[in-house]
Amino acid sequence: MALVPCQVLRVAILLSYCSILCNYKAIEMPSHQTYGGSWKFLTFIDLVIQAVFFGICVLTDLSSLLTRGSGNQEQERQLKKLISLRDWMLAVLAFPVGVFVVAVFWIIYAYDREMIYPKLLDNFIPGWLNHGMHTTVLPFILIEMRTSHHEYPSRRSGLSAICTFSVGYILWVCWVHHVTGMWVYPFLEHIGPGARILFFGSTTILMNFLYLLGEVLNSYIWDTQRSMEEEKEKPKLE
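Numbers given to residues run from 1 along each chain, matching the order in which its sequence is written. Totals for whole chains, interfaces and linings use all residues, but because this is a predicted model, local features are given only for residues with pLDDT of at least 70 and pairs of side-chain atoms are given and counted only at 80 or more. Computation of side-chain values: all heavy atoms of the structure, hydrogens and water removed.

J.: What am I meant to see in the confidence of the model for the protein here?
T.: Interpretation of the predicted coordinates at a detailed level should be avoided for regions scoring low in pLDDT. Chain-level statistics for the protein give a pLDDT mean of 88 and a share of 91% at 70 or above. For every residue, the predictor states its confidence as a pLDDT score lying anywhere from 0 to 100. Strands here mean DSSP runs of E at least two residues long; helices mean DSSP runs of H or I at least four residues long; both are numbered from the N terminus. Of all helices and strands in the protein, the one with the weakest mean pLDDT is helix 2 (residues 30–33) (79), whereas helix 7 (residues 155–180) scores best (95).

Following this line, the structure appears as structure tokens:
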């Protein structure tokens, strides 16, 4: 039996994201006042994705609790829709985008933090909030994947969806540059057009890889768990 029920964990994680978002939006940074506001940054978009995802998880848990044993077919049908939406969001957005933000941020940060998170931001964003945006996303989503089984969509539709998201965000970044003359991320200012195209293409490929990684990880976790449960159910030899 789990030390903390997964339903309680989801509520705690949802409240954490709400706190992070509220604290982030309360910061008066110059970049928040320019074209696109916070929505220019993939980190902020990811925080919204994670908050919405865990909100759907909590709503699913509440619906499951309310419909348990009711025998109402309409309620059960609505619950199945919620579960399908929850699973789709984890597969297509929450896992690949969340892991991408954590991995890419800290890799570039370790190489040269000025390229992704200039020291100037330390005057606006406290350390705990930085980790809330760029670190805890990974363990939170792994906890969710470990505590609940999620049905992935067909690989073709899942990859199409994550490609659409990736290309859409790249076009949004390019549009912001077109309007303002400034790139959202400082390192894009220091590389040529060819390198930018290569970088954008690589990020799309990486997003697709992370989608497949999530699919494999989800299958591995729950196939292993199923095997362990089957082993426990086997009668012991005298």
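Structure shown, so let's carry the discussion forward.
J.: Looking at this structure, I do not really get the layout of surface pockets. What am I missing?
T.: Empty pockets left among the atoms are what a rolling probe the size of a water molecule brings to light. With a 1 Å grid spanning the protein atoms alone, the term cavity applies to any set of points in which a 1.4 Å probe fits but cannot get out, the term pocket to an open set with protein on both sides within 12 Å along at least five of seven lines, and the term lining residue to any residue with an atom within 4 Å of a point. Grid points are joined across faces, edges and corners, and a volume is the space filled by probe spheres set on the points. Considered as a void within the structure, the largest pocket measures approximately 970 Å³ in volume. In terms of lining residues, the largest pocket is bounded by 43 residues, among which Phe 41, Ile 116, Val 184, Tyr 185 and Pro 186 are the most central. Among the elements of the structure, helix 2, helix 3 (42–67), helix 4 (73–112), helix 5 (127–134), helix 7 and helix 8 (193–233) are those that each provide at least two residues to the lining of the largest pocket. Counted by class, the lining of the largest pocket contains 34 nonpolar, 7 polar and 2 charged residues. Within this model, the second largest pocket holds a volume of roughly 180 Å³. Lining the second largest pocket are Cys 6, Gln 7, Arg 10, Val 11, Val 58, Asp 61, Leu 62, Ser 64, Leu 65 and Arg 68. Taken together, the elements giving at least two residues each to the lining of the second largest pocket come down to helix 1 (6–26) and helix 3. The element that contributes the greatest number of residues to the lining of the second largest pocket is helix 3, accounting for 5 residues. When residues are grouped by polarity, Ala, Val, Leu, Ile, Met, Phe, Trp, Tyr, Cys and Pro land in nonpolar, Asp, Glu, Lys and Arg in charged, and all others, Gly among them, in polar. Classifying every residue of the lining of the second largest pocket by side-chain character gives 5 nonpolar, 2 polar and 3 charged.

J.: Where do I start with the UniProt feature "transmembrane region" (unreviewed entry) in the protein in this structure?
T.: UniProt positions are given in the numbering used here, feature names are shortened, and annotations may be inferred rather than shown by experiment. Under the UniProt annotation, "transmembrane region" (unreviewed entry) lies at residues 42–67, 88–108, 128–145, 157–178 and 198–222. From the first C-alpha to the last, residues 42–67 spans 37 Å; its make-up is 100% helix and 0% strand. Secondary structure content for residues 128–145 is 89% helix and 0% strand, while the C-alpha to C-alpha distance between its ends is 24 Å.

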